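Structural overview
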Amino acid sequence: MLTIKNLSVSAQNKKILEDITYTFKKNKIYAVMGPNASGKSSLAFSIMGHPVYKISSKSEIIFKRRKINGLEPYKRAERGLFLSFQSPLPLSGVTVLQLLQVALSKKLDVLAMRKKAKQVAKELHMPEDLLSRSLNDGTSGGEKKKLEILQAVLLDRDLMIFDEIDTGVDVDALKTIATFLKKNRKGKTYILITHYNRILRYLKPDEVLVLGDGKLVKTGKHTLADKIEKAGYEMLNSKRKTIFRQAQDPERS
Amino acid sequence: MQDQTTGLDFEYRYGFSMPEKHVYKAQKGLSEHIVRTISKIKGEPEWMRAFRLKAYKIFCEKPMPDWGADLSRINFGEIYYYIKPTEKQVSSWEDLPREIKETYDRIGIPQAEKNFLAGVSAQYESEVVYESIQKELEKQGVVFCDMDTGLKKYPQIVREYFGTLIPPHDNKFAALNSSVWSGGSFVYVPKGANVKLPLQAYFRINAERFGQFERTLIIAEEGSSVHYVEGCTAPVYAADSLHAAVVEIFVKKNARVRYTTVQNWSTNVYNLVTKRARADEDAIMEWIDCNIGSQVTMKYPSVYLYGKGARGEVLSMAFAGRNQHQDAGAKMFHFAPNTSSRIISKSVSKDGGRTSYRGLVMVRPGAKNSNVFVSCDALILDEKSRSDTYPYMKIKESNTAVQHEATVEKLGDEKLFYLASRGIKRPDAETLLVNGFIEPVAREIPLEYSIEMNRLIQLEMTGSVG
Ligand SMILES: Nc1ncnc2c1ncn2[C@@H]1O[C@H](COP(=O)(O)OP(=O)(O)O)[C@@H](O)[C@H]1O
Ligand SMILES: [Mg+2]
């Protein structure tokens, strides 16, 4: 479904991701973990094509068998990618319904779209009037995340990246969100970016990826998430740092 | 559905004009003789002719305003000051000449009328030729007609108010309008009458080098209320066109008037309009003013808060594209205690367009316990475009609450990327954000107009209506 090869990324002349290679397969759930500032969001932005994140010439992002390195973000979305933002941006005066109407103008008629949006809002235990208020403007953290999920479901993309969908969300909302995602996962690939494995208890990942300092430092099955929870990231850190130093410092070797 | 959209697209982009058909056409340029001729053709009373002639003198003497937009390219000698398109006014749609009907069909009057309008008064060139007032208005004693008819049928009322709020010497363009005015609306709402549905007037300039000088007078007697809506679209011509209107509104004790403008002049028009209202005790005056199009607009709707507890409000929106300058704003004058004013201005500039907010709030000594709120937000879409604010405050009463906010925003890449991640391409994303930005003003205008305005914005942003 999605393959990234030798992905190295920089922003504002700062190296952020280094040489990440991985393949995400259809119908699976992935968890991307890692401490703060390890590059999780940057990875998501790079896959979606954020213009600030410059990818190196050696890097390849292949989605549905096509290299999408130079593809405009909206075209990536049309091809089947979705990114749920860690911090969704407030859009004053724009409602989620208006946004979806524009995004889905070719696919779904307005009335059908509204009907579906209302139904999803209900399932997510969201007050319906959120749909016709300024998007993410004066909205609580949990509601913002639910609005991201609502867009994900209506846009109906094949590969969805959820960047910290579980942050700033209370226990009940988390359960609602996770249950909802589980119910709608058929035919979809999920990449869940998260610090904690709270959400992973509801949505068991097939694979866990751990980022550290912009690199993919470890992959494993869902038990890896449990280990991290118990021992913290330090357990990976110490080992990795030594390897890193040896490789980087020719005088020492 | 598809066809209709394409049709709209074509019209807005290129404008359309019907073959001109005139019974009388004045010469280019202005002279005392032309002013006399206009008055004579209209068969006006002596006092109005004298008023026009006096105004003409003032117009000749007054210098061009030099503090706002660039007006140096207006050539008064190249303008026709009066065109009478048909001999007599007609009272029903069927009686209209075919090309006039076609023009109106394109701007959608019959459809709009079907949409439960209270009355339609449409101006074709300089004379109102089509007008239908629904029975309800007559029953309530409400008068809604063109200004010329108003003068004929209600000379006393007109004489009492006409030119008293905006005298000819107010500014050069008020003087010009006072000397050559033609058409516009006359609205009289008797004591206690509440006009439920908005009164709508469509205006359209349809002659090259032709200036339009309509004159509107609205009187809302004690405890009455009315909403007047003017919408303008204009065909595109090569030569410069001048639109210099004057609107005077009297809002008596406890009355309420809302005046909504959704305007889209073609990009060669100089739109220089003087709008002023007087609000008596506990009266409410609201101007809702949307300016899209024109080459230059200078317009500062104002409210004189004369009576205790009077409230004035201006909500304005301006969009300036390539080669356009929207110099718009508001003026509020607090003369009495407990008066309050609110100005909300939203402007958008794009492709080198320029917007200016120019506002004046004056609180006179003794206007105790007054409340002033001014908020002006500018959105700039690219590096070439520009926005300035000139907010003047003259607060001469210490017991006044003043709140002033101003923001300038550039359309952010982050927001555009957010929308792109939802599969929305840039022009559509910009349109969404711009429509969101002006939403606080757009939500105040009647639905069919706000849909129209969203379409116009979409057209300005993307070059087509999708
Ligand atoms: N646009 C940017 N410009 C410069 N540095 C950035 C930018 N985005 C992220 N970074 C840096 O890259 C690193 C990774 O950030 P991020 O991807 O947000 O991490 P995470 O999501 O794992 O917390 C951090 O050091 C951050 O400061
Ligand atoms: Mg992050």
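Refer to the preceding data block for the structure.
Bear in mind the structure is a predicted one, so any value in this text is a computation, not a measurement. (Residues numbered from 1 in each chain as written. Chains lettered and ligands numbered in written order. Predicted model: local features only at pLDDT ≥ 70, side-chain atom pairs only at ≥ 80, totals over all residues. Heavy atoms only, no water.)

A separate point is the overall build of chain B. For chain B, the count of helices and strands is 13 helices and 23 strands. Per-residue burial for chain B yields a buried fraction of 63% across its 466 residues. Of the accessible surface of chain B, which amounts to about 17900 Å², a share of 48% is contributed by carbon and sulfur atoms. (Helix = DSSP H or I, 4+ residues; strand = E, 2+ residues; numbered from the N terminus. Buried < 20%, exposed > 50% of the residue type's maximum accessible area, 1.4 Å probe, protein only. Areas by Shrake-Rupley, 256 points an atom, 1.4 Å probe, with all protein chains shown as cover.)

Attention now moves to the packing of aromatic side chains. Aromatic ring pairs: the centre-centre distance and the angle between the two ring planes describe each pair. Taken as a whole, this structure holds 26 aromatic pairs over all chains when the rule is applied. Centre to centre, the rings of F85 of chain A and F417 of chain B are 5.9 Å apart; their planes meet at 45°, and the pair counts as tilted. With one member in each of two chains, F85 of chain A in the loop between β7 (81-84) and β8 (91-95) and F417 of chain B in helix α10 (residues 413-420) form a pair that bridges those chains. For the residue pair F85 of chain A and F417 of chain B, the accessibility class agrees, reading buried in each case. Where Y304 of chain B meets F333 of chain B, the ring centres are 4.8 Å apart and the plane angle is 70°; that geometry is what we call edge-to-face. (Phe/Tyr/Trp six-rings, centres within 6.5 Å; stacked < 30°, edge-to-face > 60°.)

This part is about the site of ligand 1. Residue and element names in this part refer to chain A. K14, A37, K40, S42 and Y53 are the nearest of the 14 residues found near ligand 1. In the model, an oxygen atom of ligand 1 is placed 3.0 Å from a nitrogen or oxygen of the G39 main chain. With respect to ligand 1, the side chain of S41 contributes an N or O atom lying 2.9 Å from an oxygen atom. For ligand 1, the protein covers 72% of the area, taking 560 Å² as the surface of the free molecule. Broken down by secondary-structure element, the contributors of at least two residues to the shell around ligand 1 are β2 (14-24) and α1 (40-48). Take the shell around ligand 1: its biggest share by element is 3 residues, from α1. Along the lines of polarity and charge, the residues of the shell around ligand 1 split into 6 nonpolar, 6 polar and 2 charged. (Near = heavy atom within 4 Å. Polar contact = N/O pair within 3.5 Å; in protein donor to acceptor, adjacent residues only side chain to side chain. Nonpolar A, V, L, I, M, F, W, Y, C, P; charged D, E, K, R; others polar.)

Turning to helix α5 (residues 141-155) of chain A, a few remarks are in order. Residue and element names in this part refer to chain A. Under the 1.5 Å per step criterion, the end-to-end length of α5 is 21 Å for 15 residues, consistent within 8% with the ideal 21 Å. Of all the positions in α5, only G142, K145, K146, L147, E148, I149, L150, Q151, A152, V153, L154 and L155 are classed as buried. Backbone geometry just downstream of α5 places D156 in the positive-phi region, at approximately 60°. (Expected span 1.5 Å × (residues − 1).)

Glancing now at the nonpolar core. L100, I149, L150 and F162 of chain A together with L419 and M453 of chain B are the most contacted members of the largest nonpolar core, which has 115 residues in total. Among the elements that make up this core, the one with the highest residue count is α5 of chain A (7 residues). Non-local contacts of L150 of chain A, meaning those with residues more than four positions away in its chain, are made with V96, L100, A117, V120, A121, L124, M126 and L131 of chain A. Core analysis: the next-biggest nonpolar cluster, separate from the first, contains 37 residues, L305, V314, Y357 and V374 of chain B among them. (Core = buried A, V, L, I, M, F, W, Y, C linked by side-chain atoms within 4.5 Å. Contact = heavy atoms within 4.5 Å.)

All names here are of chain A. Coordination sphere of the magnesium ion (ligand 2), protein contribution only: S41 (OG) and Q86 (OE1), at 2.0 to 2.1 Å. Here the residue S41 occupies a position in helix α1, and Q86 occupies one in the loop between β7 and β8, the gap between them amounting to 45 residues. On the basis of relative accessible area, S41 is assigned to the buried category, the value being 19%. Under the relative-accessibility criterion, Q86 is labelled partly exposed at 31%. (Donors = N, O, S within 2.8 Å, 3.2 Å for Na, K, Ca; no water.)

Moving on: the side chain of E221 of chain B. Residue and element names in this part refer to chain B. Position of E221 among the secondary structure elements: in the loop between β8 (215-220) and β9 (225-233). A polar atom in the side chain of E221 sits 2.8 Å from the side chain of Y188. Within the structure, E221 has its side chain in polar contact with the side chain of K252 (distance 3.2 Å). Not counting chain neighbours up to four residues away, the residues in contact with E221 comprise Y161, Y188, V189, P190, K191, K252 and A255.

Moving on: the packing of helix α11 (residues 426-437) of chain B against helix α13 (residues 447-462) of chain B. Residues and elements named next belong to chain B. With their axes 9 Å apart at the nearest point, α11 and α13 run at an angle of 140° to one another. Judged by the inter-axis angle, α11 sits oblique to α13. Viewed along their axes, α11 and α13 form a crossing whose handedness is right-handed. Judged by residue contacts, P427, D428, E430, T431, V434 and N435 of α11 engage N454, I457, Q458, M461 and T462 from α13. Considering only residue class, the contact of α11 with α13 consists of 4 nonpolar, 5 polar and 2 charged. (Axes fitted to C-alpha atoms, helices over the stretch in contact; angles between N-to-C directions. Parallel < 35°, antiparallel > 145°, perpendicular 65-115°, else oblique. Left-handed = near helix turned anticlockwise from the far one by under 90°.)

Counting residues at the interface gives 17 residues for chain B, matched by 32 residues for chain A. Contact between chain B and chain A buries roughly 1900 Å² in total, counting both sides, with carbon and sulfur atoms accounting for 71%. For the chain B face of the interface with chain A, the top three residues by lost area are F417, Y418 and R422 of chain B, together amounting to 40%. The tally of links between chain B and chain A comes to 1 salt bridge. Note that R422 of chain B and E148 of chain A form a salt bridge whose closest N and O atoms lie 3.0 Å from each other. For the pair chain B and chain A, the number of links is 8 residue pairs in polar contact (both at pLDDT 80 or more). Broken down by secondary-structure element, the contributors of at least two residues to the side of chain B that touches chain A are α10 and α11 of chain B. Counting residues per element, the side of chain B that touches chain A draws most heavily on α10 of chain B, which supplies 6 residues. Grouping the amino acids of the side of chain B that touches chain A by side-chain chemistry returns 8 nonpolar, 3 polar and 6 charged. (Buried area = accessible area lost by both parts, 1.4 Å probe. Salt bridge = Lys/Arg side-chain N within 4 Å of Asp/Glu carboxyl O.)

Overall, the coordinates contain 33 salt bridges over all chains when judged by the stated rule. Taking the shortest distance from any N to any O, the salt bridge between K183 of chain A and E123 of chain A comes out at 2.6 Å. A residue pair is termed long-range when its members are at least 10 positions apart, and K183 of chain A in helix α6 (residues 171-183) and E123 of chain A in helix α4 (residues 110-123) qualify at 60 residues. Judged by its relative accessible area of 28%, E123 of chain A falls in the partly exposed class. Across the pair E439 of chain B and R443 of chain B runs a salt bridge whose closest N-O atoms are separated by 3.2 Å. Residue classification places E439 of chain B among the partly exposed residues on the basis of a relative accessible area of 24%. Each member of the salt-bridge network shares a partner with another, and the members are E230, K275, D289 and K299 of chain B.

Bringing helix α2 (residues 32-42) of chain B into the picture now. Within α2 of chain B the residues assigned to the buried category are I34, V35, T37, I38, S39 and K42 of chain B. One or two steps after α2 of chain B, the chain reaches G43 of chain B, where phi turns positive at roughly 60°.

A separate point is the pairing of strand β15 (residues 296-299) of chain B. Residues and elements named next belong to chain B. Burial of β15 is two-sided: the residues V296 and M298 facing one way and the residues T297 and K299 facing the other way are all buried. As paired strands, strand β13 (residues 269-279) and β15 are joined by 4 bridges and run parallel to one another. Counted as the bridge partner of N271 is T297 from β15. (Pairing = 2+ DSSP bridges.)

Residue and element names in this part refer to chain A. One open sheet holds the 6 strands; their spatial order is β7-β10-β11-β3-β12-β13, and the pairing between them is mixed. In the strand order of this sheet, the two ends are held by β7 and β13 (215-220), each with one partner. When the angles between neighbouring strand axes are averaged without regard to direction, this sheet yields 20°.

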